[in-house]
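These are the residues of each chain, in order.
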Amino acid sequence: DAGVIQSPRHEVTEMGQEVTLRCKPISGHNSLFWYRQTMMRGLELLIYFNNNVPIDDSGMPEDRFSAKMPNASFSTLKIQPSEPRDSAVYFCASSETGGGQPQHFGDGTRLSIL
Amino acid sequence: GDSVTQMEGPVTLSEEAFLTINCTYTATGYPSLFWYVQYPGEGLQLLLKATKADDKGSNKGFEATYRKETTSFHLEKGSVQVSDSAVYFCALKDTGFQKLVFGTGTRLLVSP
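Criteria and thresholds
Residues numbered from 1 in each chain as written. Chains lettered and ligands numbered in written order. Predicted model: local features only at pLDDT ≥ 70, side-chain atom pairs only at ≥ 80, totals over all residues. Heavy atoms only, no water. Helix = DSSP H or I, 4+ residues; strand = E, 2+ residues; numbered from the N terminus. Polar contact = N/O pair within 3.5 Å; in protein donor to acceptor, adjacent residues only side chain to side chain. Contact = heavy atoms within 4.5 Å. Buried < 20%, exposed > 50% of the residue type's maximum accessible area, 1.4 Å probe, protein only. Disulfide = S-S within 2.5 Å.

A. Representation of the side chain of Thr109 of chain A in the model. All names here are of chain A. As for its position among the elements, Thr109 is in strand β11 (residues 109–113). In this structure the side chain of Thr109 is engaged in a polar contact, spanning 2.5 Å, whose partner is the backbone oxygen of Pro8. Leaving out residues up to four positions away in the same chain, Thr109 has contacts with Gln6, Ser7, Pro8, Arg9, Leu21, Ala88, Val89 and Tyr90.

B. Representation of unusual backbone geometry in the model. In the segment running from Ser7 of chain A into Pro8 of chain A, the intervening peptide bond is cis, with an omega of -10°. Looking along the chain, the bond that leaves Gly9 of chain B and enters Pro10 of chain B is cis, with omega of 0°. The residue Pro10 of chain B is located in the loop between β1 (3–6) and β2 (11–14) in this model. Despite not being glycine, Asn52 of chain A has its phi angle at roughly 75°, a positive value. Tracing the chain through its elements places Asn52 of chain A in the loop between β5 (42–50) and β6 (53–56). Using a relative accessible area of 29% as the deciding quantity, one classes Asn52 of chain A as partly exposed. Notably, Thr71 of chain B is not glycine yet its phi reads approximately 40°, a positive angle.

C. Fine view of the state of the cysteines. Per the counting criterion, the structure on display carries two disulfides over all chains. The disulfide that involves Cys23 of chain A links it to Cys92 of chain A, with 1.9 Å between the sulfurs. The chirality of the disulfide connecting Cys23 of chain A with Cys92 of chain A is left-handed, given an S-S dihedral of about -70°. Residue Cys23 of chain A is located in strand β3 (residues 19–24), and its partner Cys92 of chain A is located in strand β9 (residues 88–95); the two are separated by 69 residues in the primary sequence. For Cys23 of chain A, a relative accessible area of 1% puts it in the buried group. Across a sulfur-sulfur distance of 2.0 Å, Cys23 of chain B and Cys90 of chain B are joined as a disulfide pair. Of note, the bridge from Cys23 of chain B to Cys90 of chain B carries an S-S torsion of about -70° and is left-handed in sense. Taken as a pair, Cys23 of chain B in strand β4 (residues 23–26) and Cys90 of chain B in strand β10 (residues 86–93) lie far apart in primary sequence, 67 residues in all.

Structure below.
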């Protein structure tokens with residue numbers, strides 16, 4: 001039973017470059033979440049989608065960040081241009097609708113911006 | 001707004017010791033409550049959950065009881081192992097919302 005799949009697992013790039021993180025949610029899940037985790041700020045919700053529609057993007061740090069969900073099985077988080085302070089682990093999670101339904105997390109993308 | 005408060009870590013224990021990690025919450029509705037565990041280099045994994053008052057969630061020897069009167073969901077384990085060393089997150093999902101509200105996490109270190 002495949003879980004949430006994220007790619008790449010690790011990304012190292014120079015500041016100013018465009019970075020694209022990818023996520024495949026669990027089949028049948030209709031909510032998708034992007035998180036960022038750092039030592040300083042802990043776990044932060046960036047944006048979430050319900051039925052492919054962005055519902056709450058209040059956690060997106062600035063206009064350099066954008067997220068899309070073109071269909072139920074794929075989402076991207078893009079940073080353009082990237083900055084060293086964007087270095088973090090980015091997690092994608094998905095869930096079914098319903099109060100008691102938990103979120104299932106991917107293994108994350110460890111992003112380093114030099 | 002909704003919030004979750006966890007005890008500060010790290011919690012340092014010897015193998016076979018009893019574990020309690022405190023979690024209290026504030027919510028406007030009737031939330032579901034969750035404990036997640038994060039091992040080094042991995043994503044968060046659901047450990048257990050409870051969806052209504054007095055429910056007890058349990059998994060892998062861990063337990064937590066949803067206490068509405070004290071707005072708490074403390075995590076317990078009778079005998080910890082070195083392999084339980086990880087960061088534990090308490091979280092809630094309030095009525096009508098899809099997103100989780102997380103606590104700051106509590107690091108557990110178990111020594112042999």
